[in-house]
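# Inside the fold
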Amino acid sequence: MNITIIGPPGGGKGTYSTRISDKYGIPHIATGDIFRSEVDEQSELGKKIEKYLEKGELVPDEIVNKVVRKRISEPDCKKGFVLDGYPRTFPQAKALEEMAELDLVINLDVSEEVIIERLSNRRICKSCGKIYNLKSLPPEKEGVCDQCGGELYQRPDDEPEVIRNRLKEYKKRTQPIIDFYREKGIVEDIVFKEERPIEDAMKDIHAAIGKIN
Ligand code: ADP
Ligand code: ZN
């Protein structure tokens, strides 16, 4: 079961891929999460990519491909995986073809209105990574994670100027690869014209996964 979730920033890639990973017992591989933790650790890789994340620009393909190739070759990926935020460019899609064959591409088709609303209200737990929304999924206690008591923070790239840049990159470089997968007949669209409950969208996602099983 090799799945990828593609969608704009704030599209819900993290939310839905985490749930898929839990339900089907396949690893969740999020390039953005990997990169953020490398930056936090100030590793060699982290120092190299920091400037791209800060500006909302894409990390160069060679770097991303190398990271994903290494992760996918680990034994827990044999039964499948759910990729979150990869591939994002045409060269990445080509590189992935050499690593594994995708069974399903979930395309989160989210209106710009919903995106802006979500990103400005998004808060994330520093310890466990759980994603909250101050309006639709608020924590019980302000600033504190329900799940683990960790501190909630706002991603530095969830700032209006940087959001605009991430959206621009998405439209220019990521949207075209959806058509590439569409020709292969493996795309399922999950449409959000307006905000809808997570569980409601999850039903559509389960149905899409059911078709490949
Ligand atoms: P979002 O999709 O909301 O922007 P992510 O967590 O998926 O959030 O990505 C955050 C940042 O990490 C991106 O803006 C980009 O700088 C970098 N990144 C993540 N995945 C990739 C990728 N596949 N290719 C290039 N850069 C990436
Ligand atoms: Zn937590």
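Remember, it's a predicted structure, so these values are computed and weren't measured experimentally. (Residues numbered from 1 in each chain as written. Chains lettered and ligands numbered in written order. Predicted model: local features only at pLDDT ≥ 70, side-chain atom pairs only at ≥ 80, totals over all residues. Heavy atoms only, no water.)

## Some words on the site of ligand 1
- Contacts to ligand 1 come from 18 residues, most closely from K13, T31, E57, R88 and R166.
- For ligand 1, an oxygen atom lies 2.5 Å from a polar atom in the side chain of K13.
- Considered on its own, ligand 1 offers 540 Å² of accessible surface; in the complex 96% of this is hidden by protein.
- No other element matches helix α2 (residues 31–41), which puts four residues into the shell around ligand 1.
- Within the shell around ligand 1, the residues separate by chemical class into seven nonpolar, five polar and six charged. (Near = heavy atom within 4 Å. Polar contact = N/O pair within 3.5 Å; in protein donor to acceptor, adjacent residues only side chain to side chain. Areas by Shrake-Rupley, 256 points an atom, 1.4 Å probe, with all protein chains shown as cover. Helix = DSSP H or I, 4+ residues; strand = E, 2+ residues; numbered from the N terminus. Nonpolar A, V, L, I, M, F, W, Y, C, P; charged D, E, K, R; others polar.)

## Examining the pattern of salt bridges
- Applying the stated criterion to the full structure yields 21 salt bridges.
- The partner of E199 in a salt bridge is R19, with the nearest N and O atoms 2.6 Å apart. With E199 in helix α8 (residues 198–212) and R19 in helix α1 (residues 13–24), this pair connects stretches of sequence that are 180 residues apart.
- The exposure class assigned to E199 is partly exposed, which follows from its relative accessible area of 48%.
- R19 sits in the partly exposed class, given a relative accessible area of 28%.
- One salt-bridge network, in which partners are shared between bridges, spans R122, R155, D157, D158 and R166. (Salt bridge = Lys/Arg side-chain N within 4 Å of Asp/Glu carboxyl O. Buried < 20%, exposed > 50% of the residue type's maximum accessible area, 1.4 Å probe, protein only.)

## Quick notes on the coordination of the zinc ion (ligand 2)
- Surrounding the zinc ion (ligand 2) are the protein donor atoms C125 (SG), C128 (SG), C145 (SG) and C148 (SG), which sit 2.3 Å from the metal.
- For the zinc ion (ligand 2), the four donor atoms in the first shell make angles of 98 to 116° at the metal, a pattern classed as tetrahedral.
- Mapping the donors of the zinc ion (ligand 2) onto the primary sequence gives the spacing C-x2-C-x16-C-x2-C. With C128 in the loop between β5 (122–125) and β6 (131–133) and C145 in the loop between β6 and β7 (152–153), the pair connects residues that are 17 residues apart, well separated along the chain.
- The partly exposed category is assigned to C128, whose relative accessible area is 37%.
- Look at C145 and you get buried, because its relative accessible area is 3%. (Donors = N, O, S within 2.8 Å, 3.2 Å for Na, K, Ca; no water. Tetrahedral: all angles 85-135°; square planar, octahedral: opposite > 155°, others 65-115°.)

## Things to note about the pairing of β5
- Along β5, one buried face is formed by R122 and I124 and the opposite face, lined by R123 and C125, is buried too.
- Pairing of β5 with β6 involves three bridges; the strand directions are antiparallel. Within β6, the position partnered with R122 by the bridge is N133.
- The turn linking β5 back onto β6 is made up of five residues, and G129 within it adopts a positive phi angle of 85°.
- Taken together, the two bridges between β5 and β7 define a ladder with antiparallel strand orientation. Each bridged residue has a counterpart across the sheet, and for I124 the counterpart in β7 is Y153. (Pairing = 2+ DSSP bridges.)

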